[in-house]
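The lines below spell out each chain.
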Amino acid sequence: MDKYVINGGRKLYGEVEISGAKNAAVAIIPAALMVDGVCRIENIPQISDTDMLLTILSEMGAKVRMLNRTTVEIDCTSVRKDGAPFELMRKIRASYYLIGAMLGRFGSAKTTMPGGCNFGVRPIDQHIKGMTALGAHVEVKGGFVCADCPEQGLTGAKIYLDKVSVGATMNIMLAATTAKGKTTIENAAREPHIVDLANFLNSMGADVRGAGTDTIKIYGVPKLKSGSYSIIPDQIEAGTYMAAVAAAGGEVTIKNVIPKHLDCISAKLREMGVEIEEYADSVVVRRNGKLQRANVKTQPYPGFPTDMQPQISTVLCMAEGTSVVTEGVWDNRYKYISELKKMGAEVQVDGKTAVIEGVPMLTGAPVVACDLRAGAAVVIAGLAASGTTVVEDVVYIERGYENLVGKLTAIGADIVCVSEPDDPGISDTPAIV
Ligand code: EPU
């Protein structure tokens, strides 16, 4: 039961190095299951979500070896389809990628249904629609997803996603990689991690074309072979540090980023009065003056990312004037607002819209991290606030941010992680992010 104690009001200065992208890593690690051989993956973020997926693969018989802090070698030569540890799978949303990967490798899959959710209904109907179009028989029963291929295996098909879905696009891509013939995914998601998964699969011998556009074509290959791949930097981790500097003030160089992936975040922060300089693989973020109001609407890439909505809304809580934030992806992603209100924020939420009246200063308070990005938001609020903020349930934050406390300390934040003995009645692994 760790908590963060933040003494706010210090400007941030220095350099911060961004880790590998969580939402790419959580698809690429399950994809390693499809490789009948050894694959080496570099730039793996050290977060509990990737740890958990590596443990799941080991329990299924893969040989998993960390070569250094961020490079892992996974040998799935003797992996078994029946070794899946369901209790671990249930704890992580991204275990749904094992459906596509196992179907592709074994011709059948049994995984847990990703249950519990923090920001509204999170269906997987588009994943199932895609697998079914490829010829799989998919059944959801008793909290499990069971999928089987026909005797001749999966066959390529044309699939139109009714809703732009990151998870469905990647899962169908996985299953289609070794299906016979050509699969076309239309209305596909275009996030940088979709392109990263396609590049990973291609470097292992797959033939995936068009990732990054709304039409992805996958030409099935019989099997994937050994290879080596480096994961892209995390767009949302970078954006979170950009928002932290915007909120607390100061000047920080954010290194190991792809500035193009940050375009929508940079544009919005500039509108709010934050200075941003872009270099080949870094951005410098500077904020000394007052923050200006702005309106934000989250959308699938290349729109403003929903995974940055809590962080940018927190910055807007301290901007001059009234801002309107519209959540365009999830039904209920404003739970953290009640935490920000404890710190003096003035926000009215009505369905998917939050109307924020900026206040000159937030004040420290005891708050809770409701989920991963909500947790990042209250940390940002604590950095900018006067006084002390105590953030509970930081286990959510550690699912997706590598060494947040260390990285913030290095740029001048006063933040420490305090451990308290676990309450035996409470599980420290939260459901689903
Ligand atoms: N949707 C459906 N049916 C489906 C799948 C999705 O209706 O079969 C709907 C969802 O309810 C939602 C929208 O489509 O309204 C988008 O969902 P998507 O499938 O894109 O989300 P996801 O794959 O479950 C990933 C990230 C999330 C991120 C979203 C959107 C992972 C593990 N998770 O979730 O990341 O918010 O894409 O970009 O990659 C986070 O990192 O904090 C996080 C929550």
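Residues numbered from 1 in each chain as written. Predicted model: local features only at pLDDT ≥ 70, side-chain atom pairs only at ≥ 80, totals over all residues. Heavy atoms only, no water.

Novice: Can you explain unusual backbone geometry? Please cite residues and give values.
Specialist: At the junction of Tyr 301 and Pro 302, the peptide bond is cis and its omega measures out at 10° in the coordinates. Here Pro 302 is to be found in the loop between strand S17 (296-297) and helix H10 (309-316). For Asn 187, which is not a glycine, the phi torsion comes out positive at approximately 60°. Looking at the secondary structure, you find Asn 187 in the loop between strand S10 (182-186) and helix H7 (192-203). Residue classification places Asn 187 among the partly exposed positions, given a relative accessible area of 22%. (Helix = DSSP H or I, 4+ residues; strand = E, 2+ residues; numbered from the N terminus. Buried < 20%, exposed > 50% of the residue type's maximum accessible area, 1.4 Å probe, protein only.)

Novice: Tell me about the nonpolar core, residues and numbers included.
Specialist: In terms of nonpolar packing, the biggest core is built from 77 residues, with Leu 33, Ile 41, Ile 74, Met 173, Leu 197, Phe 200 and Leu 201 touching the most fellow members. Excluding residues that lie within four positions of it along the chain, Met 173 makes contacts with Ile 185, Ile 194, Leu 197, Ala 198, Leu 201, Val 208, Ile 216 and Ile 218. (Core = buried A, V, L, I, M, F, W, Y, C linked by side-chain atoms within 4.5 Å. Contact = heavy atoms within 4.5 Å.)

Novice: Break down the domain arrangement of the protein for me, citing the residues and quoting the values.
Specialist: The domain boundaries assigned to the protein delineate domain 1 (2-19 + 234-419) and domain 2 (22-230). Listed as interface residues are 24 residues of domain 1 and, on the opposing side, 23 residues of domain 2. A combined buried area of about 1900 Å² lies between domain 1 and domain 2, and 48% of that area is made up of carbon and sulfur atoms. The interface formed by domain 1 and domain 2 contains two salt bridges. Residue Glu 402 pairs with Arg 69 through a salt bridge whose shortest N-O separation is 2.5 Å. Among the residues forming the side of domain 1 that touches domain 2, the class breakdown is eight nonpolar, six polar and 10 charged. (Domains from an automatic or database assignment. Buried area = accessible area lost by both parts, 1.4 Å probe. Salt bridge = Lys/Arg side-chain N within 4 Å of Asp/Glu carboxyl O. Nonpolar A, V, L, I, M, F, W, Y, C, P; charged D, E, K, R; others polar.)

Novice: Got a sec to walk through the sheet that holds strand S15 (residues 275-278)? Specific residues and values, please.
Specialist: Across a sheet, paired strands are connected by hydrogen bonds in the backbone, their directions being either parallel or antiparallel. Strand order in the open sheet made by the four strands is S2-S14-S16-S15, with mixed pairing throughout. Since the sheet does not close on itself, it has two edges, and those belong to strand S2 (12-17) and S15, each with one partner. Within this sheet the neighbouring strands show an average axis-to-axis angle of 10°, counted without direction. With six bridges joining them, strand S14 (residues 250-255) and strand S16 (residues 282-287) adopt antiparallel strand pairing. Across the sheet, the residue bridging to Ile 254 is Val 283, located in S16. Each of S2, S14, S15 and S16 is contacted by helix H8 (residues 235-248), which is oriented at about 20° to S16, the strand it contacts most. (Pairing = 2+ DSSP bridges. Axes fitted to C-alpha atoms, helices over the stretch in contact; angles between N-to-C directions.)

Novice: Please set out the pairing of S16 residue by residue, giving values where relevant.
Specialist: Buried residues dominate S16, accounting for six of its six residues. Because side chains alternate across S16, one face comprises the buried residues Ser 282, Val 284 and Arg 286, and the other comprises Val 283, Val 285 and Arg 287, equally buried. The pairing of S15 with S16 spans four bridges and is antiparallel. For Glu 275, the partnering residue across the bridge sits in S16 and is Arg 286. Linking S15 back to S16 in an antiparallel pair, the connection comprises three residues.

Novice: Can you break down helix H6 (residues 166-177) residue by residue, with the values?
Specialist: Here H6 spans 17 Å end to end across 12 residues, near enough to the 16 Å set by a 1.5 Å rise per residue. Where H6 begins, the side chain of Ser 165 points an oxygen toward the backbone nitrogen of Gly 167, at a separation of 3.5 Å. (Expected span 1.5 Å × (residues − 1). Polar contact = N/O pair within 3.5 Å; in protein donor to acceptor, adjacent residues only side chain to side chain.)

Novice: Can you break down helix H4 (residues 97-106) residue by residue, with the values?
Specialist: Each full turn of the α-helix corresponds to 3.6 residues, which orients residues three or four apart in the same direction. The buried fraction of H4 is high, at eight of 10 residues. Along H4, the residues classified as buried are Tyr 97, Leu 98, Ile 99, Gly 100, Ala 101, Met 102, Leu 103 and Gly 104. Looking one or two places after H4, you find Gly 107, whose phi comes out positive at around 85°.

Novice: Got a sec to walk through the pattern of salt bridges? Specific residues and values, please.
Specialist: A pair can form between side chains of opposite charge whenever their charged atoms are brought close. Taken as a whole and assessed by the stated rule, the structure comprises 21 salt bridges. Ionic pairing is found between Lys 290 and Glu 320, a salt bridge with its closest N-O pair at 3.6 Å. Here Glu 320 lies in the loop between H10 and strand S18 (322-326) and Lys 290 lies in the loop between S16 and S17, a separation of 30 residues in the sequence. A relative accessible area of 59% places Lys 290 in the exposed class. Residue classification places Glu 320 among the partly exposed residues on the basis of a relative accessible area of 41%.

Novice: Mind laying out the packing of aromatic side chains, listing which residues take part and the relevant values?
Specialist: The full count for this structure, using the stated rule, is four aromatic pairs. Ring geometry for Phe 86 against Phe 144: centres 4.9 Å apart, planes inclined by 80°, an arrangement best described as edge-to-face. Taken together, the residues span a long stretch of sequence, with Phe 86 in helix H3 (residues 86-89) and Phe 144 in strand S8 (residues 144-148) at a distance of 58 residues. In this structure, Lys 110 is placed above the aromatic ring of Phe 144, and the distance from its NZ or CZ to the ring centre is 4.5 Å. (Phe/Tyr/Trp six-rings, centres within 6.5 Å; stacked < 30°, edge-to-face > 60°. Lys NZ or Arg CZ within 6 Å of the ring centre and 35° of its normal.)

Novice: Help me get a handle on the site of the ligand, residues and values and all.
Specialist: In the neighbourhood of the ligand, 25 residues make up the surrounding shell, with Gln 126, Ser 165, Val 166, Asp 307 and Val 329 lying closest. Within the side chain of Lys 22, a nitrogen or oxygen atom sits 3.3 Å from an oxygen atom of the ligand. Within the side chain of Ser 165, an N or O atom sits 2.6 Å from an oxygen atom of the ligand. When the ligand is considered free in solution it has 820 Å² of accessible area, and contact with the protein chains removes 94% of it. Sorting the residues of the shell around the ligand by element identifies helix H1 (22-31), helix H5 (125-133), H6 and helix H12 (372-384) as the ones contributing at least two each. When grouped by side-chain class, the residues that make up the shell around the ligand number 11 nonpolar, six polar and eight charged. (Near = heavy atom within 4 Å. Areas by Shrake-Rupley, 256 points an atom, 1.4 Å probe, with all protein chains shown as cover.)

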